[in-house]
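Chain residues, written in single-letter form:
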Amino acid sequence: MISIERIRKDFPILGREVYGKPLVYLDNAATTQKPQCVIDAISEAYCNENANVHRGIHFLSQQATDMMEAAREKVRQFIGAGSTEEIIFTRGTTESMNLLASSFAAAFLKEGDEIIISGMEHHSNIVPWQIQAQRYGFKIRIIPVTDLGELDMDAFRALLNPKTKLVSITHVSNVLGTVNPVSGIIGLAHSHGIPVAVDGAQSVPHIKVNVQELGADFYAFSGHKIYGPTGIGVLYGRKELMEKMPPYQGGGEMIKRVTFEKTTYNELPYRFEAGTPDYVGSIALGTALDYVQEIGMEQIAAYEKELCAYALSLLGEIPGMRFIGNAPERSAVISFLVGNIHPSDMGTLLDRLGIAVRTGHHCAEPLMDRMGIPGTVRASFSFYNTKAEIDALKAGIERVRAMF
Ligand code: PMP
């Protein structure tokens, strides 16, 4: 059982006030707050271990390199990858998806090919593919979203055909909270010999993920959404595929030998990590992963599920409440509209009460179009949130409602 009171003390920011009111932070899908151990890990690395990695023979450089590589091993274990060669450090999910789209397309996609994404993707799993589609002339096919906010699996089956070269899908929707049946999707795609990439930005912080058990060929996530620092993220890629993909960026670190006539590239994972990496970010991400594992991913998932069910039942009592996304399999995200109140009015007024929620299209404009709405109000939870905070959200929404 999670001791919320103890956990909350690990996060200095949760003790602060905004507009003279206690902060109720319900924007965890955008970014999570940082425990003191992560903040300390960053400070400690700059105070004691800072030197450029992978280059120097001197003590500090070796130490920083060892610490970064130890963090890579922590990531490998955390997501159940087979080898650290398959763990690429990036700036976040967005860069992971851009790297993947750019290198995968260069290696495997041409005119006449198709890839499949879904109607509930974040822009970072749409636009990188559109950029490459313009370059290489392949087609992007879309799995439709049902009224409940689930993927239409019959339509998905019908989209698979011999031209399909990749399926790229979000594990959890950042708008609807829907947990997609990625295991089934991967099984189906693999039965046609098609690899699958998974956007794990909203899953890795909330549910136990094992990329090998899932069978994912690629898996992306962001450090800052799992209590780590901003500017660090991960792309897991199966070695067999990654070895066939050309580098994403050129520069230091990603080469074996450079001449003006011919350059040869470094081995995995360094081939995809050009330039000085955010080694301090990697180290602190490792600390964040240690932290959540100490609490336990199963415990986190169970507590957040309970919190989400509580919120759905409580907020459901509010007259005019309309949830956007009603899938039975869901994670800690609730999107809603209340009567005719514009989401940004709701968000602004809740903010004055100290309640931080997200409003707008949540970088998923095609999904907003599908649902026929301009945006939503989104409350997203972490294991450090409490039922009392959900009570405060309900009271806040009712207060705003009374004003309209
Ligand atoms: N995919 C999903 C599902 C997300 O929720 C987000 C962040 N909102 C991203 C991708 C992009 O993540 P980042 O901004 O950390 O690169």
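Refer to the structure printed above.
All values reported here derive from a predicted model rather than from experimental measurement.

*Asks:* Before we move on, could you go through the site of the ligand and cite the residues and values that matter?
*Replies:* Surrounding the ligand, one finds T93, T94, H122, S124, T170, N174, D199, A201, Q202, S222, H224 and K225. The separation between a nitrogen atom of the ligand and a polar side-chain atom of D199 is 2.5 Å. Considered on its own, the ligand offers 400 Å² of accessible surface; in the complex 85% of this is hidden by protein. Taken together, the residues that form the shell around the ligand break down as one nonpolar, nine polar and two charged.

*Asks:* Which residues make up the pairing of strand β10 (residues 233–237), and what values do they have?
*Replies:* Buried residues dominate β10, accounting for five of its five residues. By the alternation rule, side chains of β10 split into G233, L235 and G237 and V234 and Y236, which are all buried. Across four bridges, strand β4 (residues 87–90) lies against β10 in antiparallel orientation. Residue pairing for β10: T90 is matched across the bridge by G233. Both strand β9 (residues 218–222) and β10 contribute to a ladder of five bridges, which runs antiparallel. In the sheet register, Y219 faces β10, and the bridge partner there is Y236.

*Asks:* Give a detailed account of the nonpolar core, specifying residues and quantitative values.
*Replies:* Counting residues in hydrophobic clusters, the biggest one holds 102 residues, and the most contacted among them are V167, F383 and I397. Here this core takes nine residues from helix α10 (residues 279–295), the largest share from any one element. The residues touching V167, leaving out its near neighbours within four places in the chain, are I116, F156, L160, I185, A189, I194, P195, V196 and A197. The next biggest cluster of nonpolar side chains, apart from the first, holds 24 residues, and it includes A105, F138, L241 and F272.

*Asks:* I'd like a rundown of the packing of aromatic side chains, residues and numbers included.
*Replies:* Applying the stated criterion to the full structure yields ten aromatic pairs. Residues F11 and Y227 carry aromatic rings whose centres are separated by 6.0 Å and whose planes lie at 70° to one another, so their mutual orientation is edge-to-face. A residue pair is termed long-range when its members are at least 10 positions apart, and F11 in the loop between α1 (4–9) and β1 (17–18) and Y227 in the loop between β9 and β10 qualify at 216 residues. Judged by centre distance (5.8 Å) and plane angle (70°), the rings of F383 and Y384 are edge-to-face. Note on accessibility: F383 and Y384 belong to one class, buried. One aromatic cluster in this structure is built from F11, Y227, Y291, F383 and Y384.

*Asks:* I'd like a rundown of the sheet that holds strand β6 (residues 139–143), residues and numbers included.
*Replies:* Sheets are built from strands paired through backbone hydrogen bonds, the pairs being either parallel or antiparallel. Spatial ordering of the open sheet is given by β4-β10-β9-β8-β7-β5-β6, a layout of seven strands whose pairing is mixed. The open sheet has two edge strands, β4 and β6, and neither has a second partner. The average angle at which neighbouring strand axes cross in this sheet is 20°, direction not considered. Here four bridges tie strand β7 (residues 164–170) to strand β8 (residues 196–199), and the two strands are oriented parallel to one another. Paired with I169 across the two strands is V198, which belongs to β8. Here helix α3 (residues 59–79) sits on the sheet in contact with β4, β9 and β10, set at roughly 115° to β4. With respect to the sheet, helix α5 (residues 127–136) is in contact with β5 (114–118), β6 and β7, its orientation differing from that of β6 by roughly 150°.

*Asks:* Before we move on, can you summarise the sheet that holds strand β14 (residues 333–338) with the specific residues and values?
*Replies:* A sheet is described by the order of its strands in space; here four strands give the open sequence β13-β14-β17-β16, paired in antiparallel fashion. Either end of the sheet is taken by a strand with one partner, and the two such strands are β13 (321–323) and β16 (358–360). Direction aside, the axes of adjacent strands within the sheet are offset by 30° on average. Both β14 and strand β17 (residues 376–380) contribute to a ladder of four bridges, which runs antiparallel. Residue pairing in the sheet places I334 in a bridge with A379 of β17. This element, helix α11 (residues 297–315), spans β13 and β14 of the sheet and lies at about 10° to β14.

*Asks:* Go over the packing of helix α12 (residues 343–352) against helix α14 (residues 387–403), please, and point to the residues and values.
*Replies:* At a minimum axis separation of 10 Å, α12 and α14 run at an interaxial angle of 120°. Between α12 and α14, the crossing angle belongs to the class labelled oblique. The interaxial crossing formed by α12 with α14 has right-handed handedness. Contacts between α12 and α14 involve M346, L349 and L350 on the former and, on the latter, L393, G396, I397, V400 and M403. Its residues placed into classes, the contact of α12 with α14 shows seven nonpolar, one polar and no charged.

*Asks:* Explain the pairing of β7 residue by residue, including any values.
*Replies:* Counting buried residues in β7 gives six out of seven residues, a clear majority hidden from the surface. In this structure, β5 lies alongside β7, joined through three bridges in parallel fashion. Directly across from E114, in β7, lies its bridge partner T164. Handedness of the crossover is the feature at issue here: the chain leaves β7, passes through helix α7 (residues 182–191), returns alongside β8, and the resulting connection is right-handed.

*Asks:* Tell me what's going on with the packing of helix α4 (residues 93–108) against α5, and back it up with residues and numbers.
*Replies:* The geometry of α4 relative to α5 is characterised by a closest axis approach of 9 Å and an angle of 20° between their N-to-C directions. The angle between α4 and α5 falls in the class roughly parallel. Where α4 crosses over α5, the handedness of that crossing is right-handed. On α5, the residues that touch M97, N98, L100, A101, S102, A105 and A106 of α4 are P128, W129, Q132 and Y136. A per-class count over the contact of α4 with α5 returns eight nonpolar, three polar and no charged.

*Asks:* Please set out the side chain of E86 residue by residue, giving values where relevant.
*Replies:* Examined against the element boundaries, E86 turns out to sit in the loop between α3 and β4. One buried charged residue, E86, remains without a salt bridge, the closest side chain of opposite sign being R238 at 6.5 Å. Sequence-distant contacts of E86, defined by excluding residues within four places in its chain, comprise A81, L235, Y236, G237, R238 and K239.

Conventions adopted
Residues numbered from 1 in each chain as written. Predicted model: local features only at pLDDT ≥ 70, side-chain atom pairs only at ≥ 80, totals over all residues. Heavy atoms only, no water. Near = heavy atom within 4 Å. Polar contact = N/O pair within 3.5 Å; in protein donor to acceptor, adjacent residues only side chain to side chain. Areas by Shrake-Rupley, 256 points an atom, 1.4 Å probe, with all protein chains shown as cover. Nonpolar A, V, L, I, M, F, W, Y, C, P; charged D, E, K, R; others polar. Buried < 20%, exposed > 50% of the residue type's maximum accessible area, 1.4 Å probe, protein only. Helix = DSSP H or I, 4+ residues; strand = E, 2+ residues; numbered from the N terminus. Pairing = 2+ DSSP bridges. Core = buried A, V, L, I, M, F, W, Y, C linked by side-chain atoms within 4.5 Å. Contact = heavy atoms within 4.5 Å. Phe/Tyr/Trp six-rings, centres within 6.5 Å; stacked < 30°, edge-to-face > 60°. Axes fitted to C-alpha atoms, helices over the stretch in contact; angles between N-to-C directions. Parallel < 35°, antiparallel > 145°, perpendicular 65-115°, else oblique. Left-handed = near helix turned anticlockwise from the far one by under 90°. Right-handed = clockwise from strand over helix to strand, strands pointing away. Lys, Arg positive; Asp, Glu negative; His and termini not counted. Salt bridge = Lys/Arg side-chain N within 4 Å of Asp/Glu carboxyl O.

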